[in-house]
Amino acid sequence: MAAMDIGTTTGARGTIIFDLDGTLVDSVPDLAGALDSLMAEKGLEAIGIPAARKLIGHGIPNLVRSALTLRGVVWRDEQGAADVKRFTEIYATRLSRETRPYPDVERVLAMLAAEGWRLAVCTNKMERFARAIVDDLGLGRYFAVVAGPDTFGVGKPDPRHLTETARATGGGAPVVFVGDSEVDIATAKAAGVPVIALSYGYSKVPLTSLEPDALIDGFDELPAALDAILVASWKAA
Ligand SMILES: O=C(O)COP(=O)(O)O
Ligand SMILES: [Mg+2]
């Protein structure tokens, strides 16, 4: 795997970058709740949590567009932009009303930080929303950088979203990405960064078919998966 140029090491052990929705936090109750408020305002049938899960991961404009398409609304740019704006207003009022970290997330982040890893978030959620959520849930202090698609002007699956996040984090190599979806795995592969996938998230396709470097069922399995990836990369070097 091509080494990623992210500048010089700074005394940190390396850099671990996390996706947000479906990886660190289960955000679908608030995203689905906001979507259904928008649907109600527009006189459309609710989307509900199971269907909303399949629409998350590509940012808010894509989420709103997919939900409206599901309800048979033909997308027109001007009306679509107004709907995205309205969704954003509604979602801003309930970013962390029901959103919660997955089990063991805080414990493992604290452990990795104590071991000297520099941690960051790379999400297709807008930076100010992502920052508010991690702060509200008591996770903000662990992250040197929280980067949305508006932070560097590029969103996943563009690999620059990940490489720029890594560079800004300043933790140097090795860099590992932890995510839940096909978007995350595609981004990591395009960036030449090893990726650990979490099975509980919002992927639309079976994760094994995407061949992440490791596939785990919970954060408690993350330290061992990290060790295995690092050993494999030392052997390959
Ligand atoms: O689709 C979104 O809004 C964000 O999703 P992500 O945190 O999984 O990138
Ligand atoms: Mg995700």
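Please read these numbers as outputs of a predicted model, since none were measured by experiment.

1. Digging into the site of ligand 1
Taken together, the neighbourhood of ligand 1 is formed by 14 residues, with L20, D21, T123, N124 and K125 sitting nearest. Residue classes in the shell around ligand 1 are distributed as four nonpolar, seven polar and three charged. Residue assignment places the shell around ligand 1 across two domains, with domain 1 (14–26 + 100–236) and domain 2 (28–92) each supplying three or more.

2. Focus: the domain arrangement of the protein
Domain annotation of the protein identifies domain 1 (14–26 + 100–236) and domain 2 (28–92). A separation of 25 Å is found between the C-alpha centroids of domain 1 and domain 2. Across the contact, 11 residues belong to domain 1 and eight residues belong to domain 2. Classifying every residue of the side of domain 1 that touches domain 2 by side-chain character gives four nonpolar, four polar and three charged.

3. Some points on the sheet that holds strand β4 (residues 117–122)
The strand order across the open sheet built from six strands is β5-β4-β1-β6-β7-β8, with neighbouring strands paired in parallel fashion. Single-partner strands in this sheet number two, and they are β5 (143–147) and β8 (214–216). In this sheet, neighbouring strand axes are inclined to one another by 20 degrees on average, regardless of whether the strands run parallel or antiparallel. Bridging between strand β1 (residues 14–18) and β4 involves five bridges; their strand directions are parallel. The residue bridging I17 from the neighbouring strand is A120, located in β4. Its contacts with the sheet put helix α6 (residues 127–136) on β4 and β5, and the angle it makes with β5 is roughly 140 degrees. Across the sheet, helix α9 (residues 222–236) touches β6 (175–179), β7 (195–198) and β8, and the angle it forms with β8 is around 170 degrees.

4. Regarding the UniProt feature "active site" (unreviewed entry) in the protein
Under the present numbering, the feature "active site" (unreviewed entry) in UniProt falls on D19. Relative to the helices and strands, D19 resides in the loop between β1 and β2 (25–26). Beyond its immediate stretch of four places on either side in the chain, D19 contacts C122, T123, V178, G179, D180 and D184.

5. Regarding helix α4 (residues 77–92)
Its 16 residues place the ends of α4 22 Å apart at the C-alpha level, agreeing with the 22 Å of an ideal helix rising 1.5 Å per residue. Every buried residue belonging to α4 is among D83, F87 and Y91, and all of these are buried. Take α4 and look down its axis: the buried residues cluster within an arc of 70 degrees, on one side only. Of the exposed residues in α4, the ones pointing more than 90 degrees away from its buried face are E78, A81, A82, K85 and E89.

6. Details of the UniProt feature "binding site: Mg(2+)" (unreviewed entry) in the protein
Following the UniProt record, the feature "binding site: Mg(2+)" (unreviewed entry) maps to D19, D21 and D180 here. Spatial clustering of the annotated residues is evident: they stretch over 162 residues in sequence, but the largest pairwise C-alpha distance comes to 8.2 Å. Here D21 shows up in the loop between β1 and β2. D21 sits in the buried class, given 25 other C-beta atoms within 10 Å. Beyond its immediate sequence surroundings of up to four residues, D21 is in contact with S27, I56, G57, T123, K125 and Y202. Tracing the backbone through its elements, the reader meets D180 in the loop between β6 and α8 (182–191). Residues within four places of D180 in sequence aside, it is in contact with D19, G22, T23, A197, L198, G201, Y202 and S203.

7. Remarks on the confidence of the model for the protein
Overall, the prediction assigns the protein a mean pLDDT of 94, with 96% of residues at 70 or greater. In the model output, the complex is listed with pTM 0.93 alongside ipTM 0.94.

8. Details of the environment of V231
Tracing the chain through its elements places V231 in helix α9. In sequence terms V231 and G172 are 59 residues apart; their C-alpha atoms lie 17 Å from each other.

9. Regarding unusual backbone geometry
A negative phi angle is the norm for most residues apart from glycine, just as the trans form is the norm for most peptide bonds. Residue K156 is joined to P157 through a cis peptide bond whose omega torsion reads 15 degrees. Along the chain, P157 turns up in the loop between β5 and α7 (159–169). A cis geometry characterises the amide bond from A173 onward to P174, with omega recorded as -5 degrees. Here P174 shows up in the loop between α7 and β6. Non-glycine residue D104 carries a positive phi angle of around 70 degrees. Mapped onto the secondary structure, D104 falls in the loop between β3 (100–101) and α5 (105–114). On the neighbour-count criterion, D104 (14 C-beta atoms within 10 Å) is partly exposed. In this model, E211 sits at a positive phi of 50 degrees, which is unusual for a non-glycine residue. Its location among the elements puts E211 in the loop between β7 and β8. C-beta crowding within 10 Å serves as the criterion here: with 11 such atoms nearby, E211 is assigned to the exposed category.

Parameters at a glance
Residues numbered from 1 in each chain as written. Chains lettered and ligands numbered in written order. Predicted model: local features only at pLDDT ≥ 70, side-chain atom pairs only at ≥ 80, totals over all residues. Near = placed C-beta within 6 Å. Nonpolar A, V, L, I, M, F, W, Y, C, P; charged D, E, K, R; others polar. Domains from an automatic or database assignment. Contact = placed C-beta atoms within 7 Å. Pairing = 2+ DSSP bridges. Helix = DSSP H or I, 4+ residues; strand = E, 2+ residues; numbered from the N terminus. Axes fitted to C-alpha atoms, helices over the stretch in contact; angles between N-to-C directions. UniProt positions renumbered as here; feature names shortened; annotations may be inferred. Expected span 1.5 Å × (residues − 1). Buried ≥ 20, exposed ≤ 12 C-beta atoms within 10 Å, placed from the backbone. Arc of directions from axis to C-beta. pLDDT = per-residue confidence, 0-100.

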